[in-house]
Amino acid sequence: MISPLAIGLLLGVGLFFVYWSFWPQEEPPREKGDKGGFMVELRDHLTQAGYSSVTPGNVVAGSVVLFVLAFILVLALTRVVPIALCFSLMAGAIPLSLVRMRARKRRNKLRDLWPDVVDNITSGVRAGLALPEALSQLAVRGPAELRPAFAAFAEDYRTTGRFHDCLDRLKDRLSDPVGDRIVESLRIAREVGGSDLGKLLRTLSSFLREDARTRSELETRQSWTVNAARLAAGAPWVVLGLLALNGSSLAAYSSPTGWAVLAVGAALCVVAYRVMVWIGRLPEEERVLR
């Protein structure tokens, strides 16, 4: 039999939920974590790398498959679990590293093309085209790498006629921090209007050119630090791979001391690599206007 206290508590909770349902619930603001989660960041990297048809789940699944295959292969060759675990972790990180590397290279290439995009928009506006039409003509006159995104924007705008919604979808297709800035500048120009659009676009073009030139010079000067970090982090594992060819020298790594040596060595390599890259590489632009 249910006690009167339990009945009273259930009744109170039910009345509270009924009372709560009468008040509209505001959507919580997007936190930083919502913008910078691992899967969201990976999806941006895939789009920037030109692999928009590949999902983050596919990349993670590929990493897991490579990890398992490398673990089985190295374990079959060496019969030493900690060494197999170390090399399988490296193999599992290959898909993520390749995607990020290609995304970084393509971002650097597009950084030199964005000023031409803005110049084309400026020319179109000066010729009397409306802002949506000036953006749409980039599907033909714009840089070849960006034409598919602007062709999709043109098709979107012809279908819906909603400029702001089409801009949001364009930002998702580009997934580029510089592209976000350009899109938001055009959005503001569209809303405010006036005769300062040409001046705004010319200022934006000169700013992008100066930023690209400065970053290119700094990256050229500091690339040796990044390459040195990669060499220093990879050299011990090359030596370990060579030692793995001699089966008699691997027995020591099966002991608890061997586990500890490999764990400490791996941790030191990761920390040292991240510190050297952090010192030598310019900070990547984040999509704060996504």
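Structure: above.
Residues numbered from 1 in each chain as written. Predicted model: local features only at pLDDT ≥ 70, side-chain atom pairs only at ≥ 80, totals over all residues. Heavy atoms only, no water.

Chemist: An account of the nonpolar core is requested, with residue identities and associated values reported.
Modeler: Residues W114, I121, L135, F150, L170 and I182 are the most contacted members of the largest nonpolar core, which totals 28 residues. Contributions of two or more residues to this core are made by α7 (114–126), α8 (131–136), α10 (147–160), α11 (163–174), α12 (177–192) and α13 (197–244). What I182 contacts, discounting residues up to four positions off in sequence, is W114, V118, L204 and L208. By size, the runner-up hydrophobic cluster in this structure holds 12 residues, among which are I83, A84, A244 and L262. (Core = buried A, V, L, I, M, F, W, Y, C linked by side-chain atoms within 4.5 Å. Buried < 20%, exposed > 50% of the residue type's maximum accessible area, 1.4 Å probe, protein only. Helix = DSSP H or I, 4+ residues; strand = E, 2+ residues; numbered from the N terminus. Contact = heavy atoms within 4.5 Å.)

Chemist: Break down unusual backbone geometry for me, with residues and values.
Modeler: Not every positive phi belongs to a glycine, and R79 is a case in point at roughly 60°. As for its placement among the helices and strands, R79 is situated in the loop between α4 (56–78) and α5 (81–92). For R79, a relative accessible area of 67% corresponds to the exposed category.

Chemist: I'd like a rundown of the environment of Y51, residues and numbers included.
Modeler: Structurally, Y51 can be placed in the loop between α3 (38–49) and α4. On the basis of relative accessible area, Y51 is assigned to the partly exposed category, the value being 36%. Here the alpha-carbon distance between Y51 and A103, two residues 52 residues apart in the chain, equals 9.3 Å. Once residues lying within four places of it in the same chain are set aside, the contact partners of Y51 are L46 and R102.

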